[in-house]
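What follows is the residue order along each chain.
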Amino acid sequence: MSKDIRVKICGLRDAASIAAAVEAGAAYLGFVFFPKSPRAVSPDEARALAAGVPPGVAKVALVVDADDATLDEIVAKVPLDMLQLHGSESPARVAQVRERYGLPVMKAVGIATKDDIAAIDLYAGVADQLLIDAKAPKGADLPGGRGLPFDWELVVRKYWPCPWMLAGGLTPENVALAIQMTGAKQVDVSSGVESAPGVKDAELIRAFIREATA
């Protein structure tokens, strides 16, 4: 890898996909704890999968507006390195979760127009990292993982006080251009490395990481 780009493969559900992601050089592995998602896993399933992740690769739990009881169970059962809040959690809730569990928190913020950029600034002061994603349509069942990009021009030359990750519609075919345009140092992919919803493709995982880091 010649570029210092960190890649997150999200929505992992099987050991073979995890092994492919780790071997290809993924920096983060994401487990989805949102029942409506085709990528959802239970805490017990995630614990078994996390056991095979080597040190140095961050294990991330994606939750959507989860209450304390849900988070308590996930954190108790799964050896995690980070929590990703992917719902409508307020900045106060982000700070509360960060304090309660003592884990770094990544807050996902969906954007569609320049008016949405202000929300990023609100969360930048309380989250450890930001994930900048395409904004879900009103009434959508899933907040992310829909394979839709946003206008990358909206985040060109934008700087926040914490690290940020580009997400939304990234694929092996467009990730290099996305990085070139936005200056992102971290990228996240889920549906862009799948052969069907929730089914990861090892070759697509390898291709995505290769293109992102070439």
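These lines cover the structure that appears in this document, whether it is placed above or below.

1. Structural notes on helix H1 (residues 15–24)
Of all the positions in H1, only Ser-17, Ile-18, Ala-20, Ala-21 and Ala-24 are classed as buried. Seen end-on, H1 carries its buried residues on one side only, within an arc spanning 160°. With respect to the buried face of H1, the exposed residues turned more than 90 degrees away are Ala-15, Ala-16 and Glu-23. Check the buried side of H1 and you find it contacts strand S1 (6–9), strand S2 (28–32), helix H2 (43–50), strand S10 (199–200) and helix H7 (202–213).

2. Looking at the side chain of Arg-93
Relative to the helices and strands, Arg-93 resides in helix H4 (residues 91–101). Setting aside anything within four residues of it in sequence, one finds Arg-93 in contact with Ala-66, Asp-67, Asp-68 and Leu-71.

3. Thoughts on the packing of H1 against H7
Contact pair H1 / H7: the axes reach a minimum separation of 9 Å and the direction vectors enclose 20°. The orientation of H1 relative to H7 falls into the category roughly parallel. Note on packing geometry: the crossing formed by H1 with H7 is right-handed. Only Ala-202, Ile-205, Arg-206 and Ile-209 of H7 make contact with H1, whose side of the interface consists of Ser-17, Ala-20, Ala-21 and Ala-24. Here the residues of the contact of H1 with H7 sort into six nonpolar, one polar and one charged.

4. What about the pattern of salt bridges?
Scanning the entire structure with this criterion turns up 14 salt bridges. Between Asp-68 and Arg-100 there is a salt bridge whose closest N-O contact spans 3.6 Å. Residue Asp-68 is located in helix H3 (residues 68–77), and its partner Arg-100 is located in helix H4; the two are separated by 32 residues in the primary sequence. On the basis of relative accessible area, Asp-68 is assigned to the partly exposed category, the value being 24%. Among the ionic pairs, Asp-128 bridges to Arg-98, the shortest N-O distance being 2.7 Å. Of the two residues, Asp-128 sits in the loop between helix H5 (117–124) and strand S6 (129–134) while Arg-98 sits in helix H4, which places them 30 residues apart along the sequence. Among the residues examined, Asp-128 registers a relative accessible area of 23% and is labelled partly exposed. Owing to a relative accessible area of 39%, Arg-98 belongs among the partly exposed residues under this scheme. A cluster of three or more residues bridged by salt bridges with shared partners is formed by Asp-44, Arg-47, Glu-73 and Lys-77.

5. Let's talk about the state of the cysteines
One pass over the full model with this rule turns up zero disulfides. Of all cysteine sulfurs, the one in Cys-162 lies closest to Cys-10, which takes part in no disulfide; the gap is 18 Å. A relative accessible area of 4% means that Cys-10 is categorised as buried. Taking the relative accessible area as the measure of exposure, Cys-162 reaches 8% and is therefore buried.

6. Side note on the pairing of S6
Buried residues dominate S6, accounting for six of its six residues. Pairing geometry for strand S5 (residues 105–111) and S6, over six bridges, is parallel. For Ala-108, the partnering residue across the bridge sits in S6 and is Leu-131. Between S5 and its parallel partner S6, the chain crosses via H5, and the hand of that crossover is right-handed.

7. Concerning the side chain of Lys-59
In this fold, Lys-59 is placed in strand S3 (residues 58–63). For Lys-59, the residues in contact, after removing those within four places along its chain, are Leu-29, Phe-31, Ala-50, Val-53, Pro-79, Leu-80, Asp-81 and Met-82.

8. Topic: H7
In this model H7 runs 17 Å from its N-terminal to its C-terminal C-alpha over 12 residues, within 8% of the 16 Å that 1.5 Å per residue would give. Among the residues of H7, Ile-205, Ala-207, Phe-208, Ile-209, Ala-212 and Thr-213 are the ones counted as buried. The N-capping residue of H7, defined by a side-chain oxygen 2.9 Å from the backbone nitrogen of Glu-203, is Asp-201.

Basis of the calculations
Residues numbered from 1 in each chain as written. Predicted model: local features only at pLDDT ≥ 70, side-chain atom pairs only at ≥ 80, totals over all residues. Heavy atoms only, no water. Buried < 20%, exposed > 50% of the residue type's maximum accessible area, 1.4 Å probe, protein only. Helix = DSSP H or I, 4+ residues; strand = E, 2+ residues; numbered from the N terminus. Arc of directions from axis to C-beta. Contact = heavy atoms within 4.5 Å. Axes fitted to C-alpha atoms, helices over the stretch in contact; angles between N-to-C directions. Parallel < 35°, antiparallel > 145°, perpendicular 65-115°, else oblique. Left-handed = near helix turned anticlockwise from the far one by under 90°. Nonpolar A, V, L, I, M, F, W, Y, C, P; charged D, E, K, R; others polar. Salt bridge = Lys/Arg side-chain N within 4 Å of Asp/Glu carboxyl O. Disulfide = S-S within 2.5 Å. Pairing = 2+ DSSP bridges. Right-handed = clockwise from strand over helix to strand, strands pointing away. Expected span 1.5 Å × (residues − 1). Polar contact = N/O pair within 3.5 Å; in protein donor to acceptor, adjacent residues only side chain to side chain.

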